[in-house]
Amino acid sequence: MTEAVQTSSTFTPRVFSGIQPSGDLHLGNYLGALKRFVNMQNDVVQTLYCMVDMHAITVWQDPADLQKATRELCAGFIAAGLDPQKSILFNQSQVPEHAQLAWIFNCVARMGWMQRMTQWKDKSGKNAQNMSLGLFAYPALMAADILIYHATQVPVGEDQKQHLELTRDIAAKFNHDYGVEFFPITEPVIEGAATRVMSFRDGTKKMSKSDPSDASRINMTDDADTIAKKIRKAKTDPEALPSEAKGLEDRPEARNLVNIYAGLSGLSVDQVLSDVGGKQFSEFKPMLSELAVAKLAPISTEMARLMQEQDEIDKILAHGASQAREIAAPILKKTYEIVGMVGA
Ligand code: AMP
Ligand code: TRP
């Protein structure tokens, strides 16, 4: 039995999160994740943000598309305000310690835990026998992403809550099985009005890159006209907007548009409703379009500019990976020692 290395209270605060480079970034990613990554970037707490390319290939990715999406995601991170001088930006496959720790966690996590994951159930559906083994093991790799840095806080959208609970279970079981306090019990950070942005076509479904309908989402690369058109066509109900949040209950489409307005403006839902309560959608939608274009257009313009500088992006990713490995390598070494691997 190895000595207890650290206790939970002694973990230095550290932020980690990841996004898959598969398909275009959309408004849900921006409000649920990216914008909040930027808010957490500061000089005191170390922040690591990862393009999780190994997660992306759990379902088929065309190699050329994967390369492009990884660079585009990096461009999106920077255009949205992440600064490679302040945050460590890198892609997962350049830091092999993620996969190495994931193997250990594959041996800690239980089949039953994985089978309960709603994302697995949704993605595999009736076709589980034909899914990749990687898709099933996906949450163990995600736990490794986080715990290889001893990250204490993970900003994500609402849909990732269950995966973060599993990350805590894996950390606790590892600590318990080996009699150590080695991995922190990570806190999910799921805050704000827009942690679950819904589809423009169906207010009960989340906005997602895998939705076949492009009209269901705003992509970060959409131009001003496209954004305005998608908002104009977004599904709503015939009522005017209420003046209080409780008037949005049972009105998923109205609630979604108000949440998006709140998320983009930085106002609370109550503040938004005190301004727009009583207005019809015919009046509110143009206000939302104007705000969305004002916030998103500069980001997409900057993304397009950065995509012209592929070498620069590759340099940023390589530098980020070497910084990330400096943190990850000693944690992996210690994990191997705890597990009893000779030569660690
Ligand atoms: P993904 O695109 O699935 O890799 O998700 C990347 C990040 O965006 C995660 O933190 C998700 O929780 C977040 N996210 C994805 N879709 C939405 C959505 N519709 N609303 C809010 N957050 C989202
Ligand atoms: N599973 C996350 C998603 O699809 C992406 C992800 C992978 C992630 N590893 C992570 C998010 C670690 C936070 C922390 O949204």
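See the structure above.
Small disclaimer: the values here were computed from a predicted structure and weren't measured. (Residues numbered from 1 in each chain as written. Chains lettered and ligands numbered in written order. Predicted model: local features only at pLDDT ≥ 70, side-chain atom pairs only at ≥ 80, totals over all residues. Heavy atoms only, no water.)

**Some details on the site of ligand 1**
What counts is decided by this rule: We call a residue near a given molecule or strand whenever any one of its heavy atoms falls within 4 Å of it. N or O atoms within 3.5 Å of each other form a polar contact, as long as, within protein, one can give a hydrogen and the other can take it, and as long as residues adjacent in sequence are counted only when both atoms are side-chain atoms. Using the Shrake-Rupley algorithm and a 1.4 Å probe, accessible areas are obtained, with residue cover drawn only from the displayed protein chains. The helix count covers DSSP runs of H or I at least four residues long, the strand count covers runs of E at least two residues long, and both are numbered beginning at the N terminus.
Near ligand 1 lie 17 residues; those nearest to it are Gly157, Asp159, Val197, Met207 and Lys209. In the environment of ligand 1, a nitrogen atom lies 3.2 Å from a nitrogen or oxygen atom belonging to the backbone of Gly28. In the environment of ligand 1, an oxygen atom lies 2.4 Å from a nitrogen or oxygen atom belonging to the side chain of Asp159. Taken by itself ligand 1 offers 480 Å² of open surface, and the protein chains cover 93% of this. By residue number, the principal contributor to the shell around ligand 1 is helix α1 (residues 27-40), which donates four residues.

**A look at helix α9 (residues 224-233)**
Our working rule: We call a residue buried when its accessible area falls under 20% of the maximum for its residue type, exposed when it is over 50%, and partly exposed in between, using a 1.4 Å probe and counting protein chains only. Note: the arc covers the axis-to-C-beta directions of the helix.
Taken together, the buried positions of α9 are Ile227, Lys230 and Ile231. All buried residues of α9 project into a common sector of 95° when viewed along the axis, lining one side. Summarising the geometry of α9, the exposed residues directed more than 90 degrees from the buried face are Asp225, Arg232 and Lys233.

**Quick word on the side chain of Asn219**
To keep it simple, the criterion reads: The contact criterion used is simple: two residues touch if any of their non-hydrogen atoms lie within 4.5 Å.
With respect to the element layout, Asn219 can be found in the loop between β5 (187-189) and α9. Take Asn219: its relative accessible area is 5%, and that puts it in the buried class. A polar atom in the side chain of Asn219 sits 3.2 Å from the side chain of Arg217. Discounting chain neighbours no more than four positions away, the residues touching Asn219 are Asp24, Leu25, His26, Asp214 and Lys230.

**A short note on unusual backbone geometry**
Even without glycine at this site, His150 takes up a positive phi of about 50°. Relative to the helices and strands, His150 resides in the loop between α7 (133-147) and β4 (153-155). A residue is classified by how much of its surface remains accessible, and His150, at 8% relative accessible area, is buried. A positive phi angle is found at Asp250, which is not glycine, with a value near 65°.

**Here's the deal with the nonpolar core**
The cut-off we apply is this: Definition of nonpolar core: a set of buried residues of the types Ala, Val, Leu, Ile, Met, Phe, Trp, Tyr and Cys, connected through side-chain atoms within 4.5 Å.
Formed by 57 residues in total, the largest nonpolar core has its most connected members in Leu27, Tyr30, Leu34, Phe77, Ile260, Leu264 and Phe284. Here the element with the most residues in this core is helix α12 (residues 281-307); it accounts for nine residues. When residues no more than four places from it in sequence are discounted, the contact partners of Phe284 are Leu241, Leu257, Val258, Tyr261 and Val276. The next biggest cluster of nonpolar side chains, apart from the first, holds 47 residues, and it includes Ala140, Val154, Leu164 and Ile331.

**Details of the pairing of strand β3 (residues 87-91)**
Put simply, the test is: The pairing criterion for strands is at least two bridges between them, as found by DSSP.
Among the five residues of β3, five are classified as buried, and the element is accordingly described as predominantly covered. Neither face of β3 is exposed, since Ser87, Leu89 and Asn91 on one face and Ile88 and Phe90 on the opposite face are all buried. In this sheet, β3 lies alongside strand β2 (residues 46-51) in parallel orientation, the contact comprising five bridges. Looking at the pairing, Thr47 lines up with Ser87 of β3.

**Overview of the packing of aromatic side chains**
Put simply, the test is: We call Phe, Tyr and Trp rings a pair once their centres come within 6.5 Å, taking the six-membered ring for Trp, and we label the pair stacked below 30 degrees between planes, edge-to-face above 60, and tilted otherwise.
Summed over the entire model, instances satisfying the criterion amount to 11 aromatic pairs. Consider the rings of Phe90 and Tyr149, whose centres lie 6.0 Å apart with planes at 70°: the pair is edge-to-face. One end of the pair, Phe90, is in strand β3; the other, Tyr149, is in the loop between α7 and β4, with 59 residues separating them in the sequence. Across this residue pair, the class does not change: Phe90 and Tyr149 are buried. Measuring from ring centre to ring centre gives 5.4 Å for Phe105 and Phe183, while their planes differ by 75°; the resulting arrangement is edge-to-face. Of the two residues, Phe105 is situated in helix α4 (residues 97-106) and Phe183 in the loop between α8 (161-178) and β5; the sequence distance between them amounts to 78 residues. As far as the burial class goes, Phe105 and Phe183 line up, both buried.

**Thoughts on the site of ligand 2**
How we decide: Amino acids are sorted into nonpolar (Ala, Val, Leu, Ile, Met, Phe, Trp, Tyr, Cys and Pro), charged (Asp, Glu, Lys and Arg) and polar (every other residue, Gly among them).
Of all residues adjacent to ligand 2, which total 13 residues, the nearest are Gln20, Tyr138, Met142, Asp145 and Gln160. Measuring from a nitrogen atom of ligand 2, one finds a side-chain N or O atom of Asp145 at 2.6 Å. About the coverage of ligand 2: the protein hides 91% of its 360 Å² of free accessible area. Those elements that place two or more of their residues in the shell around ligand 2 are β1 (14-19) and α7. Examining the composition of the shell around ligand 2, we find that four residues originate from one element, α7, more than from any other. Split into classes, the residues belonging to the shell around ligand 2 amount to seven nonpolar, five polar and one charged.

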